[in-house]
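Inside the fold
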Amino acid sequence: MKKHITVAIDGNAASGKGTLAKKLAEYFNYAYLDTGKLYRAAALLIMEKGIDYKDIKKVIKVIKDYNFYNSNLKDNFLKSDEIGTLASLISGYQELRNILLTYQRKFAYEQHDNKLGVILDGRDIGSVVLPEANIKFFITASISVRTERRWKELISLGQSTIKRHVEEDIRDRDKRDSNRKNSPLIASQDAILIDTTNLEANEVFSLAKKHIEEYLL
Ligand code: DC
């Protein structure tokens, strides 16, 4: 039987990790989980219920009762900056992270139809969720390039926004995600670093593809 391959991709907001993960998953026929969407789904839930994110007990209670397996992670509203910020704010709660950790590990190790492996992207995949992943990538890009990319994405989704606000949001999230006590954004020692500042999406893909192919030899 062929080995089940696990790929971990981490990086900061709008670094290009999602685009890369999707392309790799399609090319290698791996199942893909955007773990940021789980945190965003949790944020949407507490927003819809009108819960103050600082009320940890209430936040945890609704998240515990929620079935992430049946949630619709495709909702475009999940991509809004408002939800992204709220997701980042609640992602520091260890209990919430534990609930989502179980979901992520289950996804990583279950068989997905004819898929040959899995790719998970997020902030702590290589360090906490899948420390034993076969291949790890850590994706970065300059703040100005990330702002431009994120701004274009929001516009394409029909969400009118000002570039300066997008940049502020990215800076705030970088700071929060990297400095929090629980599972901060961190490059694992064994991760392959890719700076996408001066690279097109196809170039990033080719680079990462080569690394996976070398591993598979
Ligand atoms: O990747 P994203 O922008 O969709 O993630 C939204 C927020 O969710 C991010 O700012 C921090 C949190 N997150 C996390 O803490 N751990 C992950 N593995 C993925 C996302």
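Please refer to the structure placed before this passage.
These remarks concern the structure in this document. (Residues numbered from 1 in each chain as written. Predicted model: local features only at pLDDT ≥ 70, side-chain atom pairs only at ≥ 80, totals over all residues. Heavy atoms only, no water.)

**Looking at the site of the ligand**
- Among the 15 residues in the neighbourhood of the ligand, the closest are listed as Arg40, Arg97, Arg123, Arg173 and Asp177.
- The side chain of Thr35 places a nitrogen or oxygen atom 3.0 Å from a nitrogen atom of the ligand.
- For the ligand, an oxygen atom lies 2.8 Å from a polar atom in the side chain of Arg97.
- Look at the ligand: alone it shows 440 Å² of surface, and the protein chains cover 95% of it.
- Elements with a contribution of two residues or more to the shell around the ligand: α2 (36-48), α4 (81-90) and α8 (163-179).
- For the shell around the ligand, the leading source of residues is α2, giving three residues.
- Taken together, the residues that form the shell around the ligand break down as two nonpolar, five polar and eight charged. (Near = heavy atom within 4 Å. Polar contact = N/O pair within 3.5 Å; in protein donor to acceptor, adjacent residues only side chain to side chain. Areas by Shrake-Rupley, 256 points an atom, 1.4 Å probe, with all protein chains shown as cover. Helix = DSSP H or I, 4+ residues; strand = E, 2+ residues; numbered from the N terminus. Nonpolar A, V, L, I, M, F, W, Y, C, P; charged D, E, K, R; others polar.)

**Thoughts on the pattern of salt bridges**
- One pass over the structure, following the stated rule, counts 18 salt bridges.
- The residue Lys152 makes a salt bridge to Glu148 at a minimum N-O spacing of 3.9 Å. Of this pair, Lys152 and Glu148 both sit in helix α7 (residues 143-156), four residues apart, which is roughly one turn of the helix.
- Between Asp169 and Arg173 there is a salt bridge, with its nearest N and O atoms 3.7 Å apart. Of the two residues, Asp169 and Arg173 both sit in helix α8, four residues apart, roughly one turn of that helix.
- Judged by relative accessible area, which is 5%, Arg173 ranks as buried.
- One salt-bridge network, held together by shared partners, links Lys79, Asp81, Arg150 and Glu153. (Salt bridge = Lys/Arg side-chain N within 4 Å of Asp/Glu carboxyl O. Buried < 20%, exposed > 50% of the residue type's maximum accessible area, 1.4 Å probe, protein only.)

**Some details on the side chain of Asp81**
- Within the fold, Asp81 resides in helix α4.
- In this structure Asp81 comes out as buried when scored by relative accessible area, which is 15%.
- Here the side chain of Asp81 touches Arg150 through a polar contact of 3.3 Å, side chain to side chain.
- Excluding anything up to four places from it in sequence, Asp81 contacts Arg150, Leu154, Gln159, Val166 and Asp169. (Contact = heavy atoms within 4.5 Å.)

**Focus on the environment of Ser206**
- With respect to the helices, strands and loops of the structure, Ser206 is situated in helix α9 (residues 201-216).
- Expressed as a C-alpha distance, the spacing of Ser206 and Leu24, which sit 182 residues apart in the sequence, is 9.3 Å.

**A closer look at the sheet that holds strand β1 (residues 5-11)**
- Taken in spatial order, the five strands line up as β2-β3-β1-β4-β5 in an open sheet, and their pairing is parallel. Strand pairing shows two members of the sheet lacking a second neighbour, β2 (31-34) and β5 (192-195), which therefore form its edges. Across the sheet, the mean angle separating the axes of adjacent strands is 20° when strand polarity is ignored.
- Relative to strand β4 (residues 135-140), β1 is paired through five bridges, and the arrangement is parallel. Looking across to β4, one finds that Ala8 is bridged to Lys136.
- Against the sheet, helix α1 (residues 17-28) touches β1, β2, β3 (117-122) and β4, its axis set at about 175° to β3.
- Against the sheet, α9 engages β1, β4 and β5, with an angle of about 165° to β4. (Pairing = 2+ DSSP bridges. Axes fitted to C-alpha atoms, helices over the stretch in contact; angles between N-to-C directions.)

Worth remembering: the numbers are spatial, not functional.
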